[in-house]
Each structure stands twice: as C-alpha cells, then as structure tokens.
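Observations on the model geometry
If you want the building blocks of each chain, they are given just below.
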Amino acid sequence: MTPQIKAFPDRPSLWRGLTDHLTASLQAAIEAHGSAAIALSGGTTPGPLYEHLARAPLDWSKVTLALVDERFVPPDNPGSNEGLVRRTLGPALAQGARFLPMYSPGDVASAAPRADALYAPISFDV
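So, here is what we can say about the structure in this document.

Criteria and thresholds
Residues numbered from 1 in each chain as written. Predicted model: local features only at pLDDT ≥ 70, side-chain atom pairs only at ≥ 80, totals over all residues. Heavy atoms only, no water. Helix = DSSP H or I, 4+ residues; strand = E, 2+ residues; numbered from the N terminus. Rg over C-alpha atoms; globule rule 2.2 N^0.38 Å. Buried < 20%, exposed > 50% of the residue type's maximum accessible area, 1.4 Å probe, protein only. Contact = heavy atoms within 4.5 Å. Areas by Shrake-Rupley, 256 points an atom, 1.4 Å probe, with all protein chains shown as cover. Expected span 1.5 Å × (residues − 1). Pairing = 2+ DSSP bridges. Axes fitted to C-alpha atoms, helices over the stretch in contact; angles between N-to-C directions. Right-handed = clockwise from strand over helix to strand, strands pointing away.

Turning our eyes to something else, we now look at the overall build of the chain. Helix and strand counts for the chain stand at five helices and three strands. Its C-alpha atoms give the chain a radius of gyration of 15 Å, near enough to 14 Å, the size a compact globule of 126 residues would have. Projected onto the principal axes, the alpha-carbon positions of the chain cover approximately 45 × 35 × 30 Å. Residues counted as buried form 37% of the 126 residues belonging to the chain. A separation threshold of at least 6 residues defines the contact pool for the chain, and within that pool the share at least 24 residues apart is 70%. Put simply, the chain shows about 7300 Å² of open surface, and 58% of that area lies on carbon and sulfur atoms.

Shown next as structure tokens:
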C-alpha cells in the first residue's frame, strides 16, 4: 500500500478525517472476520481523536482496544495511558468495547509477562 499524505485545514478537520479513516478500517475488519482490534498510543496528543472515535457508529462489542505502551502507573495517575483510554473512549467501553490494559499492580518484572500473555493472541487490524 502506498502511503497517502493528506493535509487538513485545522485540528477539528484532522480529527474528523482520522475518525472516518479509523471507523472505516475497524468496520472493514468486523465485516471481514467478525471482530476488530486497534492498538492505541498514549500521551495527550490522541485524546481528542479518541473522543471523536468513541462516538463512531460501530458495533463496539466486536472491538478490542489495546495500548502500544504504558507508563506503568495506576490508571488514576494523570500520566496513565490506560486512564486516557478509559476517559476518552468511555462511550465505546460502555457499548461493549473490550479493553486490554497493560498495567497491573506490582513491579514491572512481574507485570510484563502478564501483559505479554494478554496481548500475545491479538492480531491488530489498526
């Protein structure tokens, strides 16, 4: 697939364009194999996108949300990527989206194998 570069006049247009693209990709995966999985970045930048995506007309019960990384802090910590996903994609979670957190209490050495086992069977569509 050849990458396409698209320019948007402002951030709201960017969020709408990305939401449309992600929604179409997730819907195509659902239609192709009955479910979809998306790997999400953390930080502050994607928050507005996730808020738009959470309102997309998808069968969220067929979508798995996962993280590409975590800061290994509890979900109520302002720096938590899990917290970001839970806040911004809350409507999707309320409609049945499945979320796979990376963080679990304890030290990183014991949490990493648990996260690896949780994520190992996932085939990501987006």
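Bringing the environment of G47 into the picture now. For G47, the position within the fold is in helix α2 (residues 47-53). For the pair formed by G47 and F124, sequence separation is 77 residues and the distance between their alpha carbons is 20 Å. Ignoring any residue separated from it by four or fewer positions in sequence, one finds G47 in contact with L84 and T88.

Turning our attention to helix α1 (residues 11-33). Compared with an ideal rise of 1.5 Å per residue, which puts 23 residues at 33 Å, α1 spans 33 Å between its outermost C-alpha atoms and is within 8% of the ideal. By the burial criterion, the buried members of α1 are S13, W15, T19, L22, T23, L26, A29 and I30. Downstream of α1 by a residue or two, G34 has a phi angle that is positive, lying close to 85°.

Right, let's talk about the sheet that holds strand β2 (residues 63-67) for a bit. Through backbone hydrogen bonds, the strands of a sheet pair up, either in parallel or in antiparallel fashion. Taken together, the three strands give an open sheet; going across it, the order is β1-β2-β3, and neighbouring strands pair in parallel fashion. In this open sheet, the two edge strands, each paired with only one partner strand, are β1 (36-40) and β3 (98-100). The mean inter-strand angle of the sheet, taken between neighbouring strand axes irrespective of direction, is 20°. With five bridges joining them, β1 and β2 adopt parallel strand pairing. The residue of β2 that forms the bridge with L40 is L67. Sheet strands in contact with α1 are β1 and β2, and its direction is about 145° off that of β1. Taken strand by strand, helix α3 (residues 81-88) contacts β1, β2 and β3, and its axis lies near 150° from that of β2.

Attention now moves to the environment of S80. You can see S80 is positioned in the loop between β2 and α3. Here S80 falls in the buried class, since its relative accessible area comes to 2%. In this structure the C-alpha to C-alpha distance between S80 and L93, which are 13 residues apart in sequence, comes to 17 Å. Contacts of S80, omitting those with residues within four sequence positions, involve E70, V73, P74 and P75.

Attention shifts here to the pairing of β1. Most of β1 sits out of view: four of its five residues are buried. In this region the chain leaves β1, passes through α2 and returns to the parallel neighbour β2; the handedness of that crossover is right-handed.

Remember, this is a structural readout, not a statement about activity or role.
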